[in-house]
Amino acid sequence: MTELQIFPFIDKRIEDYCQKNVSKEPEVLEKLNRKTHLKFVHPNMISGNWQGTFLRMISKMINPKSILEIGTFSGYSTICLAEGLQEGGIIHTIEKEEEYEDFLLDNFKKLSDKKIKLHIGKALDIIPTIEVEFDLIFIDADKASYPSYYNLCIEKLCKSGIIIADNILWYGKVGLDPIPNDKQTTAINEFNELITQDPRVENVIIPIRDGLMMGRKL
Ligand SMILES: C[S@@+](CC[C@H](N)C(=O)[O-])C[C@H]1O[C@@H](n2cnc3c(N)ncnc32)[C@H](O)[C@@H]1O
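The notes below deal with the structure included here.

Here is what the cut-offs are and how they apply
Residues take numbers from 1 onward in each chain, read along the sequence in its written order. Restriction of local features to residues with pLDDT of at least 70 applies here, the model being predicted, together with a cutoff of 80 or more for giving and counting side-chain atom pairs; totals for whole chains, interfaces and linings are based on all residues. Secondary structure elements follow DSSP: runs of H or I no shorter than four residues count as helices, runs of E no shorter than two count as strands, and numbering proceeds from the N terminus. Our radius of gyration looks at C-alpha atoms and nothing else; its globule reference is 2.2 Å times the residue count to the power 0.38. Nearness here has a simple definition: the residue's C-beta atom, placed using the backbone, must lie within 6 Å of the molecule or strand. Charged residues are taken to be Asp, Glu, Lys and Arg, nonpolar residues to be Ala, Val, Leu, Ile, Met, Phe, Trp, Tyr, Cys and Pro, and polar residues to be all remaining types, Gly included. Any two strands are treated as partners once DSSP identifies two or more bridges connecting them. Only C-alpha atoms enter the line fits that serve as axes; for helices the fit covers just the stretch in contact. Angles between N-to-C directions range over 0 to 180 degrees.

## Quick look at the overall build of the protein chain
For step 1, the next point in the chain: When you go through the protein chain residue by residue, the secondary structure sums to eight helices and seven strands.
For step 2, the next point in the chain: A globule of 218 residues ought to have a C-alpha radius of gyration of about 17 Å, and the protein chain, at 16 Å, matches this closely.
For step 3, the next point in the chain: Each principal axis of the C-alpha atoms in the protein chain carries an extent, and together these give about 45 × 40 × 30 Å.

Right, dumping it as structure tokens:
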């Protein structure tokens, strides 16, 4: 399935080459990808196979007991992340859109045998109510809240736990001089500085698609 073309931000030849040299999309995810494109107004918000494969591999390496995801959308990244859960493990995923609830519950039941707990509501309200220490956290919702998500999440991440945030290159806007002063760009830039200057964490940018920030709590 064709994914959102990040080009011209990334050299099209490099992006095509990366998309071509990634493991084949598993059948269940191919199905979910297709459904997302049929049923959602902005299907390009989906992680897709390139990024999804990365998330799945990271999760399998960590073999987490508990995962937190902020921004479920159609559940594609949820299923990728859930694949790495250890037996008895659980992924908590937060989505603000109530209209997605039935679609998500139905697909989680059909497409995954992992324990997935869906929370409907605003992430900033829900995160403090989940009393769990997480091994892996994936941030992929409202960009203007990235600094607040970080401050909440870092407290809930276990020692050696991994935090990943999507869209941290924001289609190249964070690299401009001067940086555009819209809410999202400002917040993503603040998030990138927060994590980079946080002595509790080591971090690195992985320039897959719109950029992932990965941090490990020391
Ligand atoms: C980019 S999409 C997530 C894509 C998904 N993680 C994937 O990779 O397939 C962002 C999602 O975050 C949700 N969202 C936006 N603001 C939110 C908030 N304040 N709390 C929870 N979810 C929010 C949106 O409704 C949208 O479904």
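## A few points about the site of the ligand
For step 1, the next point in the chain: Near the ligand lie 17 residues; those nearest to it are Ser47, Gly71, Phe73, Ser77 and Ala141.
For step 2, the next point in the chain: Those elements that provide at least two residues to the shell around the ligand are helix H4 (76-82) and strand S2 (90-95).
For step 3, the next point in the chain: Looking at the shell around the ligand residue by residue, the classes come out as seven nonpolar, four polar and six charged.

## A few points about the sheet that holds strand S7 (residues 212-217)
For step 1, the next point in the chain: Pairing in this open sheet of seven strands is mixed, and the strands run S3-S2-S1-S4-S5-S7-S6 from one edge to the other. Two strands bound the open sheet, and with one partner strand each, they are strand S3 (115-120) and strand S6 (201-206). Shown here is a sheet whose adjacent strand axes are inclined to one another by a mean of 15°, direction ignored.
For step 2, the next point in the chain: Examined bridge by bridge, strand S5 (residues 157-166) and S7 share five bridges and lie antiparallel to one another.

Geometric values such as these leave the question of function open.
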